[in-house]
Amino acid sequence: MPVIGNITFDCADPRSVSDFWSDVMGYERSEYPPEMRAELIAAGLTEDDLAMRGLAWGGPGTQRFFFNRVPEGKVVKNRVHVDLNAAAHGRATRDQVDAEVERIVALGATVLAKHDSHWGPYPEYHYVLADPEGNEFCVQ
């Protein structure tokens, strides 16, 4: 079965967006791990190629986010977005969700909406946020 290799974002400034997502995920800020950088350069990429891309990754066993510089800005709603669970395991409490949203907003996110309803029998308490370049994501 396949596994997700990267969650990829188009953006104008890969370095700043990768720093934001590294901070959100609790990853150490790093453009590329040294061994990956060496592999990419050995494969023929240049420093300019690497500057057009960014990476947020906490190492093996963590989700990797990839950021690709594109010339156009975001103009419509994302067709795919990331949902973050405020609790490490299980369903987060409202207090955990609110605290996580406050932390992420302090890092540079913007709150777009707050949802407090039910989807059938399931409570829907979550926020829709945008990263510094407007990419939507949710915290639940």
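Residues numbered from 1 in each chain as written. Predicted model: local features only at pLDDT ≥ 70, side-chain atom pairs only at ≥ 80, totals over all residues. Heavy atoms only, no water.

Student: Please explain the layout of surface pockets as it appears in this structure.
Tutor: It is a probe the size of a water molecule, rolled over the atoms, that shows where empty space is left. Size it by volume and the largest pocket reaches roughly 510 Å³. Thr 8, Phe 9, Asp 10, Asn 78 and Asn 135 are the residues nearest the centre of the largest pocket, which is lined by 20 residues in total. The element that contributes the greatest number of residues to the lining of the largest pocket is strand S1 (residues 7-11), accounting for five residues. Split into classes, the residues belonging to the lining of the largest pocket amount to eight nonpolar, five polar and seven charged. (1 Å grid on protein atoms, 1.4 Å probe; cavity = no way out; pocket = protein on both sides within 12 Å on 5 of 7 lines; lining within 4 Å. Points joined across faces, edges and corners; volume = space filled by probe spheres on them. Helix = DSSP H or I, 4+ residues; strand = E, 2+ residues; numbered from the N terminus. Nonpolar A, V, L, I, M, F, W, Y, C, P; charged D, E, K, R; others polar.)

Student: I tried to follow the sheet that holds strand S6 (residues 122-130) on my own but got confused; where do I start?
Tutor: The strands making up a sheet are joined through hydrogen bonds of the backbone, oriented either antiparallel or parallel. Taken in spatial order, the four strands make up an open sheet running S4-S7-S6-S5, and their pairing is mixed. Two strands lie at the open edges of the sheet, namely strand S4 (82-84) and strand S5 (110-119), each paired on one side alone. Averaged over all pairs of adjacent strands, the angle between strand axes in this sheet comes to 25 degrees, irrespective of strand direction. By the bridge criterion, three bridges tie S4 to strand S7 (residues 136-139) in an arrangement that is parallel. In the strand pairing of S7, Leu 84 is matched with Val 139. (Pairing = 2+ DSSP bridges. Axes fitted to C-alpha atoms, helices over the stretch in contact; angles between N-to-C directions.)

Student: Can you walk me through the pattern of salt bridges in this structure?
Tutor: If charged atoms from side chains of opposite charge come close, those side chains can pair. Enumeration according to the criterion identifies seven salt bridges in this entry. Two residues, Arg 15 and Asp 19, come together in a salt bridge whose shortest N-O distance is 2.8 Å. Here Asp 19 and Arg 15 lie together in helix H1 (residues 14-25), a separation of four residues that amounts to about one turn. Judged by relative accessible area, Arg 15 falls into the partly exposed class, the value being 27%. Across the salt bridge formed by Arg 29 and Asp 23, the nearest N and O atoms sit 2.5 Å from each other. Shared partners join several salt bridges into a network, and the residues in it are Arg 15, Asp 19, Asp 23 and Arg 29. (Salt bridge = Lys/Arg side-chain N within 4 Å of Asp/Glu carboxyl O. Buried < 20%, exposed > 50% of the residue type's maximum accessible area, 1.4 Å probe, protein only.)

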